[in-house]
Amino acid sequence: MATFSKKRRQSHVKSGSQSTNNVADMFLRGPTNVEEEGRFVEGSILRLTMKNFLTYDYSVLFPGPNLNMIVGANGTGKSSIVCAICLGLAGKTAILGRGDKVGLYVKRGCNKGFIEIMLYKAGGNVVINREIHVENNQSLWMLNERHCNQKAVEEEVKSLRIQVSNLCQFLPQEKVGEFAKMSKIELLEATEKSVGPPEMYEYHCELKNFRNKERELENVVKEKVSFLEKAKQRNDRNKHDVNRYYEKKRHLDVIELLDKKKPWVEYETTRKECEGAKKERDDAKKQLSALKQAQAPMLRKIQLIDNQLKPTEAQIKAKTVAIKEASLKCKQKQEQLDRKHKEIEDIKQTQRLKQMEEEDHQKRISNTRRTIEDLKAELAKVADQPDVTPRINAVNLELRNIREERAKLEGEKGDLRREKENLHAETRMLLRKLSDMNNMMNAKEEKLRGRHRDTHTALQWLRQNRQLFVGNVHEPMMLVINVKDHRFAKFVENHISFHDLRAFVFQKKDDMERFMTEVRDKMNLKVNSISAPEDSCSRRPPSRNIESLRRFGFFTYLREMFDAPDEVMSYLCHQYKVHDVPVGNDQTKAMIKTVIEEPYLRVLYTTDERYTLKRSYYSNKISTSNSAVHPSQYLIITVDAEEKRLLEQQMKSCELKLRDIDERIKALQAEAASLDRRDNELLAEKKHLCEVKGKKRQLEQKISTKQDSLRQMEKSVINLQNIEEETKAKIAVVNAEKVSIITVFLAQIKLRSKLTMEKVYLALESVGLMGEKSKLENDCRDGASELKTTEQKCSRLEQRKVQLTEQCRGLLKRAMSICKMRPDESLPEDLRNAFSKLPDTLDEIDAMLNEERSRAECFTGLSENVVDEYNKREQEIKHLEKELEDESSALNTYRQNISEAKERWLNPLKQLVEQINDKFSDFFRSMQCAGEVDLHSENEEEYDKYGIRIRVKFHSSTQLHELTAYHQSGGERSVSTMLYLMALQELNRCPFRVVDEINQGMDPVNERRVFDIVVRTACKETTSQYFFITPKLLQNLQYADEMTVLCVHNGSQMLPPNQWDEREFIKRCDQRKAVA
């Protein structure tokens, strides 16, 4: 592969893995001479090396200084070169619009990739190396063979005015559509960076910052002007309140003086009142002393009587205590007498009980004698009856036989119960297995309902009305077909159409017509039905024995992979030839070319494919079609029908056995009941015989026992005479004890009577003294009342005097505290003078206080804060006026600076846009269209709103319209974008431009015109390097000597670079043209 131009400049782009070291040495040589290198603009690409990058194993690219046209078919690796330029110059992956991770750009199967770019620089070329590692998605950078970080590479690239993120300089394939979507503001910034002087974009950014700062200053000035105006207005409103505040303060000062004088007036009034109370108290004390002297003789007599009464009362109390003690002793002796009476009664009761016991004893002896006589009479009667022992022995033998028979029955019943439990366990196991199978069938039904609800509805109707049909009726095939191994389900399901899988199968056609009349005509259901062949085909043999096909990997026929009712299998053999469709494995697939040559094979299956063979009747040639075997959806659920039938038979067998066991258990229970009845009869008879046999022996034992009891009772007779004598002796002893107790009791009675009489005499003496005392007290009562009244008066006056004294002290202390005086300090002279101008009485002071307070209360809503705020705001107003003056001055200065910066930026920008417009308009006029570029701004002062507006017109009948992503067609947008970039190209501010496949949407006419403009513009010596990537070119285009055409080839038949002969290639081209 080679690229050539009139200058004989070569560049090689290789894809594949056929490069050698020699070839690499040839590629690395760079520009051929100094003169050629001097034609490059600083920052242009001299060499691009790619290793294990996207589609390239190892490739080196030598672009020319002007237009570089990279041509190649889609997928050969043209855009890979664009990616290498972007990533090699520290561009972001987002610019390319492909993978977001840099590791994705390494060739698949490689651990790391490599990019090397040599850039032209007057002082010495710059070589940038980037090594990309897939594992950690990281890169290693080298700048001029020295390791560095990405930041250093970005700064070096920026110093060379390379901007891979600027769509005006670098337009990859995935971003072509975004150029037209750029806003006017974005286009202006991209243009400034691409072709403007270095300081132009900086001036623009500076202006935007200046404008933002200006807005901030304007806002600050406006806010301060507004705040100053509001502060002045607020102070004007508050001035009247301040005057009112001072007037109110004058009233409050008077109130304060009145409040200070009032305690002094109150103190003086209280002091005078205290002196009057003291004088009254002294007079009352003199009167009380005179009354006490008048009543002294009578009080002494009363005291004498009280002294006489005290011994008498003490004697009375002593007599009372002695009387109580005597009474207590009398009570104790009385209780002792009561106990002795009770003891005598107990002795007599014991005697009576002994007499009654002897009477009962005699009665028992008499009764026992009568009982013995009766038992002897009965014994005489029993002795005449026959012996019952033989009969008892016979009954015992029969009872033993019955018990043995019953044990045998219980054993049989136990065996039957165990057998029954085993059958129940087996039944539960069978039910569980059948339930699992039914659940699988239900799963099949759910799939049927989900795929075809009408068929499911018809199925429910069939199950309810099966009695209407004469022959066999089978449910849809997908429910009755049971695949033997779930791995085979995909072959069966792929072979039988779903139309037939959901079909009902009938043995008789009449049944099918009746069914379709009901469900299709009456119920309006869309269902399929099939009538099985009259002659069964289910056992039809295959064309060839499977053994003859095993060498090809075939192991069975399709029919052997599943079970189905005879009518269903017959239909499938007849319609789908399932008996004659072999199934093979991977060996079959490997030998498929040999297999399809075998006769009699029409359809066959390998592990994953189905092959259909058709043999021409004329040429006998075989045409083959194959398709993938899709996974099973319905038949994957397998139920072994034979196993289900056996389980159902086992269930019926278990039910029959259970019924038989139940009947046998009932018979054994009836037999056991009969034995129980006979056993009860024999037990009753044995009991009666035993009673008869044991009655004589019992009578003899009873007679012997009664006689022994009689002898014992006759021996234990009670002697009543001895008991009576013992009773009299005990009573005599108790009576003697009673006599001594009564003697002590009478002595205590006499003592109590004596003490009582003495107490009465002392009480009479005490009554006489009390009468005399009462008479004296009545005489003193009138004088005592006056004395008490005088004492109360003295006490009240003393309390009043003390209270007023304390009150005076408190008032004096309060007055001095209010005036802020020390305890030893006299009233200041200024307060004396002020107090002299005020009223001297409390009433006048209170009246004046009320008046002043009323006047002060008229000034509501005023406080000292009003004055403080007023004064504070006055200071703030002065400060704000000074700040406002400073801010206004700064704003004017700032506006002057903005005006100067605007001149530095706007005039060159207008000239630049004018130059772009001239070139852009010329390009469009050359294409017989119209286009213009202008600087657009809604407000000259809003520098962040400035933008470049592109307007185009492709038809004479239309007006100029702004270039947008929606108004123009794709081709029109591509033409406009390309011509705008070419207009920038001649200004030559950036070292190179890259445009990837921008001509894809153009019509041939526009494409040819644009190509001519590109060649004419990009091949001028004053322009910078240009990369134009395209997958195709029109015929008979005009080329220039300054162009470099880079052809990108890719493929397994590629000629290695070291075998490429450019002259031979040209020679063959000339020969072909001559022949043509």
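Throughout what follows, the structure given in this document is the object of discussion.

So, how was this worked out
- Residues numbered from 1 in each chain as written.
- Predicted model: local features only at pLDDT ≥ 70, side-chain atom pairs only at ≥ 80, totals over all residues.
- Heavy atoms only, no water.
- Pairing = 2+ DSSP bridges.
- Helix = DSSP H or I, 4+ residues; strand = E, 2+ residues; numbered from the N terminus.
- Core = buried A, V, L, I, M, F, W, Y, C linked by side-chain atoms within 4.5 Å.
- Buried < 20%, exposed > 50% of the residue type's maximum accessible area, 1.4 Å probe, protein only.
- Contact = heavy atoms within 4.5 Å.
- Polar contact = N/O pair within 3.5 Å; in protein donor to acceptor, adjacent residues only side chain to side chain.
- Axes fitted to C-alpha atoms, helices over the stretch in contact; angles between N-to-C directions.
- Patch = residues over 30% accessible without salt bridge, like charges linked within 9 Å, V, L, I, M, F, W, Y side chains within 5 Å.
- Areas by Shrake-Rupley, 256 points an atom, 1.4 Å probe, with all protein chains shown as cover.
- Salt bridge = Lys/Arg side-chain N within 4 Å of Asp/Glu carboxyl O.
- Lys, Arg positive; Asp, Glu negative; His and termini not counted.
- Charge placed at Lys NZ, Arg CZ, Asp CG, Glu CD.

### Topic: the sheet that holds strand β19 (residues 930-936)
Read across the open sheet, the three strands follow the order β19-β20-β21; overall the sheet is antiparallel. The open sheet has two edge strands with one neighbour each: β19 and β21 (961-962). The pairing of β19 with strand β20 (residues 947-953) spans seven bridges and is antiparallel. Residue pairing for β20: valine 933 is matched across the bridge by isoleucine 950.

### Digging into the nonpolar core
Counting residues in hydrophobic clusters, the biggest one holds 51 residues, and the most contacted among them are Met477, Ile481, Phe515 and Leu572. Per-element tally for this core: the top contributor is helix α16 (residues 566-576), with six residues. With residues near it in sequence (within four places) discarded, phenylalanine 515 still touches Ala458, Trp461, Leu462, Phe469, Phe504, Phe506, Arg520 and Val527.

### Remarks on the side chain of aspartate 485
Considering the arrangement of structural elements, one finds aspartate 485 in the loop between β10 (482-483) and α13 (489-495). Taking the relative accessible area as the measure of exposure, aspartate 485 reaches 18% and is therefore buried. A distance of 2.8 Å separates polar atoms of two side chains, one belonging to aspartate 485 and the other to arginine 487.

### A look at the sheet that holds strand β12 (residues 528-531)
Spatial strand order, β9-β11-β12: three strands in an open sheet with mixed pairing. Pairing within the sheet leaves two strands with one partner each, and these edge strands are β9 (473-474) and β12. Pairing of strand β11 (residues 503-506) with β12, which is carried by four bridges, proceeds in the parallel orientation. If you follow phenylalanine 504 over to β12, its bridge partner there is serine 529. Those strands touched by helix α15 (residues 509-522) are β11 and β12, and its axis lies near 170° from that of β12.

### Here's the deal with a negative patch on the surface
Together, Glu404, Glu405, Glu412 and Glu671 line one region of the surface with negative charge. Here the element with the most residues in the negative patch is helix α10 (residues 389-451); it accounts for three residues. Relative to the helices and strands, glutamate 405 is located in helix α10. Among the residues examined, glutamate 405 registers a relative accessible area of 31% and is labelled partly exposed.

### Points about the pattern of salt bridges
For the coordinates displayed, the defined rule picks out 30 salt bridges. A salt bridge links arginine 487 to aspartate 485, with the shortest nitrogen-to-oxygen separation between them at 2.8 Å. Here glutamate 681 and arginine 678 are joined by a salt bridge, their closest N and O atoms 3.3 Å apart. In this pair, glutamate 681 and arginine 678 both sit in helix α19 (residues 641-715), three residues apart, roughly one turn of the helix. In this structure glutamate 681 comes out as partly exposed when scored by relative accessible area, which is 49%.

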